[in-house]
Amino acid sequence: MGKIKLIIFYILIIASLALNSCKNNDAVLSDLTPFNLRVEYKKNPVVDTQKPRLSWELISKERAQVQTAYEIVVASAPELLNDREADLWKSGKLQSNTTNQIEYAGAPLTSRTQCFWMVRSWDKNGNAGPWSEVSTWEMGLLSKSEWKAQWIGNDLTHLGKGKIYHLPPAPFYRKEAALKSNIKKARLYVTSLGLYEFQINGKKIGDDYFTPGWTDYDKRVYYQTYDITANLQEGENTFGAIVADGWYAGYLGYALLVKNPVVRNFYGDVPLLKAQIEIEYENGDKEIIASDETWKTNHGPILEADILNGETYNANLEFENWSEPGFNDSNWLASQVYDEKADRKIECYRGNPVQVFAELEPKTIIPREGGKYIFDLGQNFAGIVRLKVKGQKGDKITLKFGEALFPDGSLMTENLRMARATDTYILKGNPEGETWTPRFTYHGFQYVEVDGFLEEPKLNAITGLVLTSATPLVGKLETDSKMVNQLYHNIVWTQRANYLDVPTDCPQRDERLGWTGDAQAYILSATFNNDISAFFTKWMVDLNDAILENDAYPIYAPAPKVRSTDSYSPGWSEAGIICPYTIYKTYGDARMIEKFWPQMIDYLKFMEEKTNGNYIYKERSFEDLTPKGGYGDWLSVGAKTPPDLLASMYFAYCAQLMQEMALAIDKTADAAYFEDVFVKSKKAFDDYYTDGRGRIETNAASYGDGEGYVLEGQTAFNAHSQTSYANAIYMGLLNDENMAIAGQHLVDLILQDDGKLSTGFLGLKPLLPALSETGHSKVAYQLLLNEEYPSWGFEVANGANTIWERWNSYIKGVGFTNNAGMNSFNHYAFGAVNEWLFGNMAGIKVGEPGYRTFTIRPEIAEVGIDYVNASYHSINGEIGSSWKKEANRLILKVKIPVNTVAHIFIPSEENSPILIDDKPIEECVDVQVVGYENNYLRVELGSGEYRFQVLTNSGH
Ligand code: BGC
């Protein structure tokens, strides 16, 4: 992640001013203006790809406005930036309506080059609009040989003590250097094996946490680039770093819980630092200060630092002003230099860094026995707290974290399992008070139990810092149902807590792994809340780095072996196909497909072989897995759907996605191959798993007593289940006639279950979409609005402010009803209903990749909801859809971004009067009416904001 900060900002302003004058000779005849310029999905980033992809959005007052051509100029200095001198790239006028995923096609780029760019567009009448503001990107270090810095470390393993947890202190590093005057530009390139915080002259550099991020450190590690020009001074400067075990050497997952032979040090024993400071002076001189054995090291106040287990800080051991010049480091040691692994890549960080999203003030303080206090932060989240305390030297404050309280008011920590999740602060006794925030740990919590205050604390003794990968917010959703609004809040907060460098299952217990099943089931839902393009650009690399020897994608990625039996699972592994497909559809990103195409093919070939030529999996095809058959419809509450049936459906579905992706990257032979696989597997599914008339069946007896399978309280598998039909419909595995029959079976099964859902992780995501698809929107709404167990409303009624792992994780007046070890209060899988909230309730669905075209086809609730207002900021601009039922009319408002086309489905009976912006639709010449389809009038519209009124007699 790179930071081009203030100085560049000013250069840009000056450049823009200069350019406006030198561009005046270009006639500007249109108001079509590019904005939100980004490179590789980010604003002003540092990248290390030779052909970074550029994007912009367009604004214009004109309705149905499009771009017919564009021109890009890129220069190595802002003053060169005009179409005559731009030294890196002058695209010339290109006839195209594309505004994103545009590959830079100028002069080859070298390390450290700063690129200044702008773009202009021509409108539908062929008139040019004004040039955009100037934006930038910078090239990172493109080859490993550019790294002069060495890996340095300080092996403190022997200082780890404790019976259960072996937690060594975090080493500090410092280096002083005298710099000359007139520094023009300075950059810090920094990474670590473990986590680092870097400081210069007493100040932390950047706002990021958990840098450099989690990767398979044997294969690659990322570096960050910071503009540190403003941090340096003439004369003495001090460069300092603190390094902790992090994901590299710390505890991971449930290794300790399952008594895995390895519980920490999954990638290495000693965390290491690599830092390179590059300075350029006004006179052209250059200087590099790089980590080596001359960096001094010591250990001090951070006695323990572990992601799962917490941080311990003894303020009495602080080195005052240690990262400032003049500190006496004569008793610090020389750093040890460690060898580089030849085949480990060092690359520019691709994701969104973890940062503080918000600060939360406690709502209440509850005094507990023994002088303890529980602070309630009012919201379950992932993060840390800042502690403010006054006391005597040596006083100890212990902080414990929990997501919930027992009915007697005590803190519930059972669901943390072996994650100690405890922070400790030992005071130095400053009479002014002291403030401390841990750096290298995080917890999933709403409540903090604090032990050690001598006096009754005030609310400001604790502040919650919400940590998350800084994925930009893109969605809004509001209705007149309090329950649905709370549900949406819960979904958003659960995503926030779990998109933390990798998409994790939960933020609290000893797990926090990038579970692939959860990731694939939820990804489409996630796209509506945040821009996850960069986040998944990073995680897809993690997932591909973790491919197993048999070519299968694993059950979590990165994939340290936290349990020897963990391997792959149908429904989980398909994240390797479904995630790139979703990123492609959402952002038009075909490069991701291209990059991982060979691995995707290998996976599907592996799965095809496993069908033994049948194109489906018969019962007991995955007995090699633990649990047998894989995780299947994990955490379903009713009939257990056989895992082999689910695997068969996933196989066919993925073949279909592969066909579409092959076409996106012009691999026609591959497309034909996967089309054939899809046709065969669809037929095989129909032949083997249905009665030919749309009823899904299996030979349940062949599973015997189900020993070794996930059956959760059930004694037998049952293919005639909500999950089976929901998936078969969603995945397009049935012909039209059987589709309707399957829809009816699904409704009947829901009725048999008292109108409740019974699906688990794999059945939930397609459930409401499948009901809508088969014309049962009414039943979908019933499930959405239900407040009895099991339902989203039940969680909300029981006080949830995040999505729970189980529907009844907590029941008011009853307490915790489940297996404490598997009872997370922050688990996004059941939040996958978001896909339906945006895609059906508000009706926003992607058409051509990147929402170049899309549909708005809202499903109007018969009861329970009268008003919905949603917006989604796509890569092509902001889409809006809102509807409101009034006494004798329905009002539908839509917003369509410039350069896109929307297919709007207006809910209306044939021939009901429809007004657009108060004018009868027949009189609106710019609206293309396509015709009536199943109680919707379909129209095609270009950009703009439109208000439709459908006049009804009885109300809708
Ligand atoms: C995780 C899940 C995951 C599952 C595998 C659980 O412990 O929390 O979300 O997908 O294991 O079935």
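Above this text you will find the structure in question.
## Examining unusual backbone geometry
As a rule of thumb, non-glycine residues mostly have phi less than zero, and peptide bonds are mostly trans rather than cis. Put simply, T626 and P627 share a cis peptide bond, and its omega is -10°. For the bond from Y789 to P790, the omega torsion is -5°, close enough to zero to count as cis. With respect to the secondary-structure elements, P790 resides in the loop between α13 (777-785) and α14 (792-797). Residue A64 is not a glycine yet carries a positive backbone phi of 50°. Relative to the helices and strands, A64 resides in the loop between β4 (53-59) and β5 (69-75). Unlike most non-glycine residues, N182 shows phi in positive territory, near 65°. Mapped onto the secondary structure, N182 falls in the loop between β12 (171-179) and β13 (183-193).

## As for the sheet that holds strand β20 (residues 296-299)
Strand order in the open sheet made by the 6 strands is β15-β14-β17-β12-β20-β23, with antiparallel pairing throughout. Each having just a single partner strand, β15 (203-204) and β23 (333-334) make up the two edges of the open sheet. Relative to β15, strand β14 (residues 195-200) is paired through 2 bridges, and the arrangement is antiparallel. The residue of β15 that forms the bridge with I200 is K203.

## Comments concerning the nonpolar core
Residues L784, M841 and I904 are the most contacted members of the largest nonpolar core, which totals 240 residues. No other element matches the 14 residues that helix α8 (residues 643-664) contributes to this core. The contacts of L784, once residues within four sequence positions are left out, are M483, V484, L487, L768, W792, V833, W836, L837, M841 and I865.

## A look at the environment of E478
You can see E478 is positioned in strand β36 (residues 475-479). The spatial distance from the C-alpha of E478 to the C-alpha of Y867 is 8.2 Å, given a sequence separation of 389 residues. The contact partners of E478, leaving out residues within four places of it in the chain, are N485, Y867, V868 and N869. Side-chain polar atoms of E478 contact the side chain of Y867, separated by 3.4 Å.

## Comments concerning the sheet that holds strand β8 (residues 102-103)
Paired through their backbone hydrogen bonds, the strands of a sheet run either parallel or antiparallel. Pairing is antiparallel across the open sheet formed by 3 strands, whose spatial order is β2-β4-β8. Of all strands in the sheet, those bounded by a partner on one side alone are β2 (33-39) and β8. As paired elements, β4 and β8 share 2 bridges and run antiparallel to each other. Its bridge partner lying in β8, R53 is registered against E103.

## Description of the pattern of salt bridges
Using the criterion set out here, one finds 54 salt bridges in the structure. In this structure, K219 engages D216 in a salt bridge whose closest nitrogen and oxygen atoms are separated by 3.7 Å. Using a relative accessible area of 18% as the deciding quantity, one classes D216 as buried. Between E697 and R695 there is a salt bridge, with the nearest N and O atoms lying 3.9 Å from each other. E697 gets classed as partly exposed once you look at its relative accessible area, which sits at 36%. When salt bridges with common partners are traced through the structure, they connect E40, R53, E103, D589 and R591 into a single cluster.

## With respect to the pairing of strand β28 (residues 373-389)
For β28, the tally of buried residues reaches 14 of 17 residues, placing the bulk of the element in the interior. As paired strands, strand β27 (residues 364-367) and β28 are joined by 4 bridges and run antiparallel to one another. Counterpart to T364 in the pairing with β28 is D376. The sheet contact formed by β28 and strand β34 (residues 443-451) spans 7 bridges and is antiparallel.

Calculation rules
- Residues numbered from 1 in each chain as written.
- Predicted model: local features only at pLDDT ≥ 70, side-chain atom pairs only at ≥ 80, totals over all residues.
- Heavy atoms only, no water.
- Helix = DSSP H or I, 4+ residues; strand = E, 2+ residues; numbered from the N terminus.
- Pairing = 2+ DSSP bridges.
- Core = buried A, V, L, I, M, F, W, Y, C linked by side-chain atoms within 4.5 Å.
- Buried < 20%, exposed > 50% of the residue type's maximum accessible area, 1.4 Å probe, protein only.
- Contact = heavy atoms within 4.5 Å.
- Polar contact = N/O pair within 3.5 Å; in protein donor to acceptor, adjacent residues only side chain to side chain.
- Salt bridge = Lys/Arg side-chain N within 4 Å of Asp/Glu carboxyl O.

Function cannot be inferred from these measures alone, as they are strictly geometric.
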